[in-house]
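Analysis of the macromolecular model
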Amino acid sequence: MENKELEVKEIAASQEKEINKMEADIDSLNSKKEAYDGLTEDLKNINDRLSNIAERKNSIPNLLNQIMYIIPEEVQLTSLENTKDKNIRIVATAEEYDKLGYFLAKLKLEGILKEVVSSENQTSGGNIAITIEGELP
């Protein structure tokens, strides 16, 4: 009976050691998983930043190209500024307000700029100037 008790205690101790090893392995795997998840998230963030840089790189030339096809001949752009990120400010002048209105409407309808707003018109020397602000799509 005593031999069996010793045998059971040895088996229990052996199993306890194996359980401790398994728990250590689980802890190790969990820490490696957390490190992997962190690295994966970092890679995703870097990829997103690179994608945004590539997208914004051609945004102004694309905007100018689109404007070239919709702007009336009588309207002149006196200023085009990228104020921050995707925000654009355009100052346009013309002798007639309806030409500026047509240009503003085309910017909105063609989807060249989003959330388009314009300032009050300013008249100087027979020309009307408006400031148009919007966001690149």
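So, how was this worked out
Residues numbered from 1 in each chain as written. Predicted model: local features only at pLDDT ≥ 70, side-chain atom pairs only at ≥ 80, totals over all residues. Heavy atoms only, no water. Helix = DSSP H or I, 4+ residues; strand = E, 2+ residues; numbered from the N terminus. Expected span 1.5 Å × (residues − 1). Buried < 20%, exposed > 50% of the residue type's maximum accessible area, 1.4 Å probe, protein only. Arc of directions from axis to C-beta. Patch = residues over 30% accessible without salt bridge, like charges linked within 9 Å, V, L, I, M, F, W, Y side chains within 5 Å. Areas by Shrake-Rupley, 256 points an atom, 1.4 Å probe, with all protein chains shown as cover. Salt bridge = Lys/Arg side-chain N within 4 Å of Asp/Glu carboxyl O. Contact = heavy atoms within 4.5 Å. Pairing = 2+ DSSP bridges.

To continue, consider the environment of Leu64. Within the secondary structure, Leu64 is located in helix H2 (residues 59–70). Between the C-alpha atoms of Leu64 and Asn3, which are 61 residues apart in sequence, the distance is 92 Å.

A few words now on H2. Three- or four-residue spacings in an α-helix give side chains the same orientation, since the helix completes a turn every 3.6 residues. End to end, H2 covers 17 Å across twelve residues, agreeing with the expected 16 Å (1.5 Å per residue, within 8%). Taken residue by residue, H2 has Ser59, Leu63, Ile67 and Ile70 as its buried positions. Buried residues along H2 cover an arc of 70° about the axis, so they all sit on one side. When the buried face of H2 is taken as reference, the exposed residues oriented beyond 90 degrees from it are Met68 and Tyr69.

On the surface, Ile46, Leu50 and Ile53 cluster together to form a nonpolar patch covering roughly 290 Å² of accessible area. By secondary structure assignment, the location of Ile53 is in helix H1 (residues 2–57). On the accessibility criterion, Ile53 (52% relative accessible area) is exposed.

We now examine the side chain of Thr93. Tracing the sequence through the fold places Thr93 in strand S2 (residues 87–94). In this structure Thr93 touches Glu74, Val75, Gln76, Thr78, Leu100, Ile128 and Ala129, once residues within four positions along its chain are discounted.

Before going further, it helps to examine the pairing of S2. The two faces of a sheet get side chains in turn, since along a regular strand they alternate between them. In this structure, strand S1 (residues 76–84) lies alongside S2, joined through seven bridges in antiparallel fashion. In the sheet register, Asn82 faces S2, and the bridge partner there is Ile88. A loop of two residues connects S1 with S2, the two strands running antiparallel in sequence, and Asp85 in this loop sits at a positive phi of about 40°. Bridge count between S2 and strand S5 (residues 127–135): eight bridges; the pairing is antiparallel. Its bridge partner lying in S5, Val91 is registered against Thr131.

Let us now look at unusual backbone geometry. If you check the backbone angles, Glu115 has positive phi at about 50° while not being a glycine. Within the secondary structure, Glu115 is located in strand S3 (residues 114–118). Owing to a relative accessible area of 66%, Glu115 belongs among the exposed residues under this scheme.

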